[in-house]
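Fold and geometry: a report
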Amino acid sequence: MAFKIKREGRRKLRKNKHLPPQEKLIQLALFLATWSSVAALAAVFGELLLGAFPAFTSIDIIDFFTGTVWNPSHPMYPLYGILPLFVGTLMVSFGAALIAIPIGLGCSIWLAELASPRVKAIFKPAIEVLAGIPSVIFGFFALVILSEWIAAVFDPVTKLNALNGAIMLAVMMVPIMVTVAEDAMNAVPRSLREASLALGATKWETIRHVVVPASISGVMAAIVLAFGRAVGETMTVLMATGNATLLHFDMLRSVQTMTAAIAIDFGEVEFGSEHYHVLFLVGLVLFVITFLINFLAVWITKRFKEDY
Amino acid sequence: MTTAIHTDDLHVYFEKNHALKGVTMDIGMNEVTSIIGPSGCGKSTFIRCINRMNDIIPGCSVKGAIMVDGADINDDDVDVVNVRRRIGMVFQKPNPFPKSIYENVAYGPRLHGVTETVDGKVRRRKHTKEELDGIVEHSLRRAALWDEVKDRLDKSGTSLSGGQQQRLCIARTLAVNPEIILFDEPCSALDPIATAKIEDLLVDLKKDYTVVIVTHSMQQAARISDKTAFFYLGDLIEMGDTKQIFERPQKELTEQYITGRMG
Amino acid sequence: MLNRRTTEMMVFTFFRGCAVLVVLALIVLVGYILTGGLERLSIEFLTEMPRRANTQGGILPAIVGTFYLMLIVLAISVPIGVMSAIYLQEYESSSVMGRVFRLAVYNLAGVPSIVYGLLGLGIFVAYLGLGFSLISAGLTLSIMTLPLMITSAREAIAAVPSTVREASYALGATKWQTIWHQVLPYALPGIFTGIILSVSRAAGETAPLMLTGVAMSLQRLPDSFFDSFMALPYHVFYMATQSSDLLATRPIQYATALVLLLLVLGMNLIAIVLRKRYRDKYRW
Ligand SMILES: Nc1ncnc2c1ncn2[C@@H]1O[C@H](COP(=O)(O)OP(=O)(O)O)[C@@H](O)[C@H]1O
Ligand SMILES: [Mg+2]
């Protein structure tokens, strides 16, 4: 009687051959819409490659990645070293992360574990509102107000500097972190907390030894995501950091990030020139970095996912 | 006995998991047939084959024939929508739509409309308001829910109690006028009083419908069903008159199960 | 070693401090823009053309430009985004294609807006010859908001419990009938929330506009989609960094920032309220 079936399991759903024609039409429309969005998004990457491609032949790629001078407007000997911009981006985003991580984590834990429902009902919308403020407003604030405060405290070399951008970016990172991290902590089942409390642990010990380890994937993903957003932010750093393109590591001096370089230089660049294509190359680098960061966040979430 | 459903060597796979291993079975018309067995033995999988609900599960494949009215409804050429219209299903957890009670019952008839023959031509049209009202009232009466809800038909279906919700789901199924109704542990989420109401209803329904019910309660199977089938690890072990299965089981496994010597 | 209770108290005080700090940051930020902007804000400011190189008059062209941009995003990104979300979630939920697309879309949501600007410049402005125009910028913003649009709509659709779908199928409904009558009505508030947030994101975005041809100053409103345009966020940037007399135009800068802030926060608040009411209403 043993009757074996060759084709075991198929991923595809069984198709219904009797769909009425209008239903097929709808499905076709949805399919086309999906392909147009995917095509549009693929175009982002394609256009970057196309735009950056001429740069590969006209400049030395090794020099591009190792060059310490970014001076693209020199009439005779333009120099396209991405390092000052890259370091500028890193200084500002790492600075921001250093500030945002403890505050963001503190906020998330407070929100997930300590806040009363009534306080939460006010606080969570506040976080969402903060996340919704356009970056140009943060940039404006950093330019006009925050830089004055920093000048008063640190007596910096230049009024618009890396620290100014880092602090402002930190304020933008916190809401992103809190939204994701708090969700992860909320997903930890109550029974785990109760088990720990029942063993005589204090609330803090429970948070530290049970809640945080159990939600660590979400918390790490939150940090990575927020960092990625900081790397890609344009307007805030453009307005806050002064845009000097010298390579240095001083938080109190002016820097220019990759994003800001693209935004500024396109104001003066000649269409189709070498400089134009190099800017696309910078854009490509930026795209790859942020895409990888996002991917890392997804990977972390999958890799360390706890199953309850 | 007339056969309403005949399955022939029915196999189901979830990816590599062989969940149903060749079930051949006859289900009688206008009878209540119970399916019992330990959890995970494939009871739900089996009845979900009968109205092709397994089609919507990715990675699930069904092999074998399911004959209803002389045709194999498991054939790829059969319109699955028609199958489900003729063979209704009530689920384990009451799942009324988050709409009004009226809309819950009217949903099915609205989808299908009225097919009528005028001057030799088959035409489809929408129900009139009166027709719909009639169907809703009739279905709710048939499901023994009318008296409890007739004054609040516009209230949300989710606002009812668990037992009422389940009867609403039955009324909703009756409204599309199926021939066969499948129940997948319909009482497992309900209290004893609500359970008793549903059981009475099932016995009453068999006058007009063929009823197949999966249950984890042997008492329930004994109380309401004409035939009982015992499943174990994806195999149909034994099937027969309910009285015979519970009093003189032929197979060792069946006996172990009904005497409680098995998990 | 510190007493366990004392440690706990100190740590919790730190957490509370963090929360207070964040709220404080919001209040200070909004407070400064509000107090700085109210001084200059008036009906004339909102309804007049700018004069004397933006140092006098109003910001009407910037308001109208941003409004047009939002309209373009609504017209393009919303239908395509919602349709893609339905397709990816309901029709390709288990296929490889579905999974690859979902992952790609999710990752593209993190690509910096300036990179989308490069796309707009390369394709719409140059290749398609649409020039530095409203339509180039609008299309760029539409593509930029697509990932957010698709992801949020998809999440709203995924949140509809599968028991509702099963119940509908079991009554003999087709796939589209099930989506149209059961899934979409209950995903709609969530989809709306996503739409509002996406459009408000587009309204506040500056960097892509800088590459697709936003104008510094215009004495007229755009008369077609191929015309050049002003936009609120760029106006804030331009006035704050490049205008002829930075200090003298500060009140204008603040007031423009305030108008933008009110516009975007207004939309965000609607989205928050909508989501809250939706959560309270539907519980399965
Ligand atoms: N959707 C599904 N995906 C994968 N495997 C499933 C699915 N549903 C059921 N199974 C498997 O099929 C077998 C039978 O399950 P089921 O029919 O639900 O059992 P019962 O209803 O008798 O408790 C089990 O081994 C179960 O793991
Ligand atoms: Mg079951």
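Residues numbered from 1 in each chain as written. Chains lettered and ligands numbered in written order. Predicted model: local features only at pLDDT ≥ 70, side-chain atom pairs only at ≥ 80, totals over all residues. Heavy atoms only, no water.

1. Some points on the overall build of chain A
To be explicit about the condition: Numbering of helices and strands runs from the N terminus, with a helix taken as a DSSP run of H or I at least four residues long and a strand as a DSSP run of E at least two residues long. Relative accessible area decides the class of each residue, using a 1.4 Å probe on protein chains only: under 20% of the type maximum gives buried, over 50% gives exposed, and in between gives partly exposed. Between two residues, a contact is recorded if the distance between any of their heavy atoms is within 4.5 Å. What sets the accessible areas is the Shrake-Rupley method with a 1.4 Å probe; for residues, cover comes only from the shown protein chains. In this tally Asp and Glu are treated as negative and Lys and Arg as positive; neither His nor the chain ends contributes. Note that the charge is assigned to NZ on lysines, CZ on arginines, CG on aspartates and CD on glutamates.
Within chain A, the secondary structure is distributed over 12 helices and two strands. Once the C-alpha set of chain A is aligned to its principal axes, its extents read approximately 85 × 60 × 35 Å. For chain A, with 308 residues in total, the buried portion stands at 52%. Once local pairs closer than 6 in sequence are excluded, the contacts in chain A between residues at least 24 apart make up 72%. Accessible area for chain A stands at about 14100 Å²; split by element, carbon and sulfur atoms hold 68% of it. Taking the average place of the 23 positive charges on the side chains of chain A and the average place of its 21 negative ones, the gap between the two points comes to 21 Å.

2. Comments concerning the overall build of chain B
This is how the line gets drawn: Radius of gyration: C-alpha atoms only; globule rule: 2.2 Å multiplied by the number of residues to the exponent 0.38.
For chain B, the helix and strand inventory stands at 10 helices and 12 strands. Against the globule reference of 18 Å for 263 residues, chain B gives a C-alpha radius of gyration of 19 Å, in line with a compact fold. Along the three orthogonal principal directions, the C-alpha set of chain B runs to about 55 × 45 × 35 Å. Taking all 263 residues of chain B together, 56% fall into the buried category. For chain B, the share of sequence-separated contacts (at least 6 apart) that also reach a separation of at least 24 residues comes to 65%. Accessible surface, chain B: about 11200 Å² in total, of which carbon and sulfur atoms supply 49%. Computing the positive centroid from 34 side-chain charges and the negative centroid from 38, chain B places the two 4 Å apart.

3. Comments concerning helix 1 (residues 43–50) of chain B
Residue and element names in this part refer to chain B. Among the eight residues of helix 1, seven are classified as buried, and the element is accordingly described as predominantly covered. Within the span of helix 1, buried status applies to Lys43, Thr45, Phe46, Ile47, Arg48, Cys49 and Ile50. Just downstream of helix 1, arginine 52 is the residue with a positive phi angle, here 60 degrees.

4. Section: the environment of leucine 218 of chain C
With respect to the helices, strands and loops of the structure, leucine 218 of chain C is situated in the loop between helix 9 (207–212) and helix 10 (232–241). The sequence separation of leucine 218 of chain C and proline 50 of chain C amounts to 168 residues, and the corresponding C-alpha distance is 7.4 Å.

5. Some points on the interface of chain B and chain C
The extent of an interface is frequently quoted as the accessible surface area lost upon association of the parts. Short version of the rule: In this description, buried area is defined as the sum, over both parts, of the accessible area (probe of 1.4 Å) that is lost when the two are combined. Should a side-chain nitrogen of Lys or Arg be within 4 Å of a carboxyl oxygen of Asp or Glu, the pair is scored as a salt bridge. We define a polar contact as two N or O atoms separated by no more than 3.5 Å, with the added condition that, inside protein, one atom must be a possible hydrogen donor and the other a possible acceptor, whereas residues neighbouring each other in sequence contribute only through side-chain atom pairs. Each residue is assigned to one class: nonpolar for Ala, Val, Leu, Ile, Met, Phe, Trp, Tyr, Cys and Pro, charged for Asp, Glu, Lys and Arg, and polar for all the others, Gly among them.
In this complex, chain B contributes 22 residues to the contact, which on the side of chain C involves 18 residues. Among the residues of chain B in contact with chain C, Pro98, Tyr107 and Leu111 of chain B are the three that bury the most area, contributing 29% of the side total. At the boundary of chain B and chain C, one finds one salt bridge. Across the pair glutamate 166 of chain C and arginine 48 of chain B runs a salt bridge, and its minimum N-O distance is 2.8 Å. The interface formed by chain B and chain C holds six residue pairs in polar contact (both at pLDDT 80 or more) in total. Elements that contribute at least two residues to the side of chain B that touches chain C include exactly helix 2 (80–86), strand 6 (87–90), helix 3 (101–112) and helix 6 (162–175) of chain B. Residue classes in the side of chain B that touches chain C are distributed as 12 nonpolar, five polar and five charged.

6. Quick look at the site of ligand 1
All names here are of chain B. As a reminder, the rule being used: When at least one non-hydrogen atom of a residue lies within 4 Å of a molecule or strand, that residue is treated as near it.
For ligand 1, the full set of nearby residues is Phe14, Asn17, Ala19, Ser39, Gly40, Cys41, Gly42, Lys43, Ser44, Thr45 and Ile57. Within the backbone of cysteine 41, a nitrogen or oxygen atom sits 3.3 Å from an oxygen atom of ligand 1. The backbone of glycine 42 places a nitrogen or oxygen atom 3.1 Å from an oxygen atom of ligand 1. If ligand 1 stood free it would expose 550 Å²; the protein chains cover 61% of that surface. Put simply, the parts of the chain that give the shell around ligand 1 at least two residues each are strand 2 (17–28) and helix 1. Examining the composition of the shell around ligand 1, we find that three residues originate from one element, helix 1, more than from any other.

7. Quick word on the interface of chain A and chain C
Facing 80 residues of chain A, the contacting portion of chain C comprises 82 residues. Across the chain A to chain C interface the summed buried area is about 7100 Å²; carbon plus sulfur atoms make up 80%. On the chain A side of the contact with chain C, Leu30, Leu41 and Phe140 of chain A bury the most area, a combined 10% of that side's loss. Seen at the junction of chain A and chain C, the total is two salt bridges. Among the salt bridges present, the one from arginine 275 of chain C reaches glutamate 128 of chain A, with a minimum N-O distance of 2.2 Å. Summed over the shared surface of chain A and chain C, the result is 12 residue pairs in polar contact (both at pLDDT 80 or more). Residue contributions to the side of chain A that touches chain C peak at 18 residues, all from helix 1 (residues 21–58) of chain A.

8. Considerations on the packing of helix 5 (residues 135–154) of chain A against helix 6 (residues 162–186) of chain A
Residues and elements named next belong to chain A. The line we're drawing: Convention adopted: a line fitted to C-alpha atoms gives each axis, helices being fitted over their contacting stretch, and angles between N-to-C directions are expressed from 0 to 180 degrees. Each angle is binned into one of four classes, with values under 35 degrees roughly parallel, values over 145 roughly antiparallel, values of 65 to 115 roughly perpendicular, and all other values oblique. Each helix crossing is assigned a hand: it is left-handed if the near helix lies turned anticlockwise from the far helix by less than a right angle, otherwise right-handed if that turn is clockwise.
Where helix 5 contacts helix 6, the axes come no closer than 9 Å and their chain directions differ by 130 degrees. With respect to helix 6, the axis of helix 5 lies oblique. When the axes of helix 5 and helix 6 are compared, the crossing they make is right-handed. Within the contact between the two elements, helix 5 uses Ser135, Phe138, Phe141, Ala142, Leu146, Ser147, Ile150 and Phe154 and helix 6 uses Leu163, Asn164, Ile167, Met168, Val171 and Met172.

9. Side note on helix 7 (residues 162–170) of chain C
Residue and element names in this part refer to chain C. Here helix 7 lies mainly inside the structure; seven of its nine residues are buried. Considered for burial, the residues of helix 7 that qualify are Val164, Arg165, Glu166, Ala167, Ser168, Tyr169 and Ala170. Once helix 7 ends, the next one or two residues include glycine 172, with phi positive near 90 degrees.

10. Description of the sheet that holds strand 1 (residues 3–14) of chain B
All names here are of chain B. Worth spelling out the cut-off: By definition, two strands form a pair when at least two bridges between them are found by DSSP.
The sheet built from four strands is open, its strands ordered 2-1-4-5 with antiparallel pairing. Each edge of the open sheet is held by one strand with a lone partner, namely strand 2 and strand 5 (71–72). Set on the sheet, helix 1 makes contact with strand 1, strand 2 and strand 4 (60–68); between it and strand 1 the angle comes to about 120 degrees.

11. So, the sheet that holds strand 12 (residues 235–241) of chain B
Residue and element names in this part refer to chain B. On the basis of which strands lie adjacent, the open sheet formed by six strands has the order 6-9-10-3-11-12 and mixed pairing. Sheet topology places strand 6 and strand 12 at the edges, where each strand pairs with a single neighbour. Across this sheet, the average inter-strand angle for adjacent strands is 20 degrees, counted without regard to direction. Across four bridges, strand 6 lies against strand 9 (residues 180–184) in parallel orientation.

12. Quick word on unusual backbone geometry
Residues other than glycine predominantly adopt negative phi, and peptide bonds predominantly adopt the trans conformation. Residue and element names in this part refer to chain B. The phi angle at aspartate 9 is positive, at roughly 50 degrees, despite the residue not being glycine. The residue aspartate 9 is located in strand 1 in this model. With a phi angle near 55 degrees, asparagine 30 is a residue other than glycine that sits in the positive phi range. Its place among the elements puts asparagine 30 in the loop between strand 2 and strand 3 (32–36). Owing to a relative accessible area of 31%, asparagine 30 belongs among the partly exposed residues under this scheme.

13. A look at the pairing of strand 8 (residues 121–125) of chain B
All names here are of chain B. Counted residue by residue, strand 8 has zero buried out of five residues, so it is predominantly exposed. In terms of strand pairing, strand 7 (residues 114–118) meets strand 8 through five bridges, oriented antiparallel. The partner of threonine 117 across the bridge, within strand 8, is valine 122. Where strand 7 folds back on strand 8, the antiparallel hairpin that results is connected by two residues, among which aspartate 119 adopts a positive phi of roughly 50 degrees.

14. Thoughts on the confidence of the model for chain A
Going by this rule: Confidence of the predictor at the level of single residues is captured by pLDDT, which takes values from 0 to 100.
Looking at chain A, the pLDDT average stands at 87 and 94% of residues meet or exceed 70. For residues 1–10 of chain A, every residue scores under 50 in pLDDT, and the model assigns this stretch 21 contacts once sequence neighbours within four places are set aside.

15. Focus on the pattern of salt bridges
Throughout the structure, instances matching the rule amount to 28 salt bridges over all chains. Across the pair glutamate 103 of chain B and arginine 110 of chain B runs a salt bridge, and its minimum N-O distance is 2.6 Å. Among the residues examined, glutamate 103 of chain B registers a relative accessible area of 26% and is labelled partly exposed. When the shortest N-O distance is used, the salt bridge between arginine 165 of chain C and glutamate 90 of chain C registers 2.7 Å. Separated by 75 residues along the polypeptide, arginine 165 of chain C in helix 7 and glutamate 90 of chain C in helix 3 (residues 60–91) bring together distant segments of the chain. The pair formed by arginine 165 of chain C and glutamate 90 of chain C is uniform in burial state, with each residue classed as buried. Among the charged side chains, a network of salt bridges with common partners joins Arg142, Asp204, Lys207 and Asp208 of chain B.

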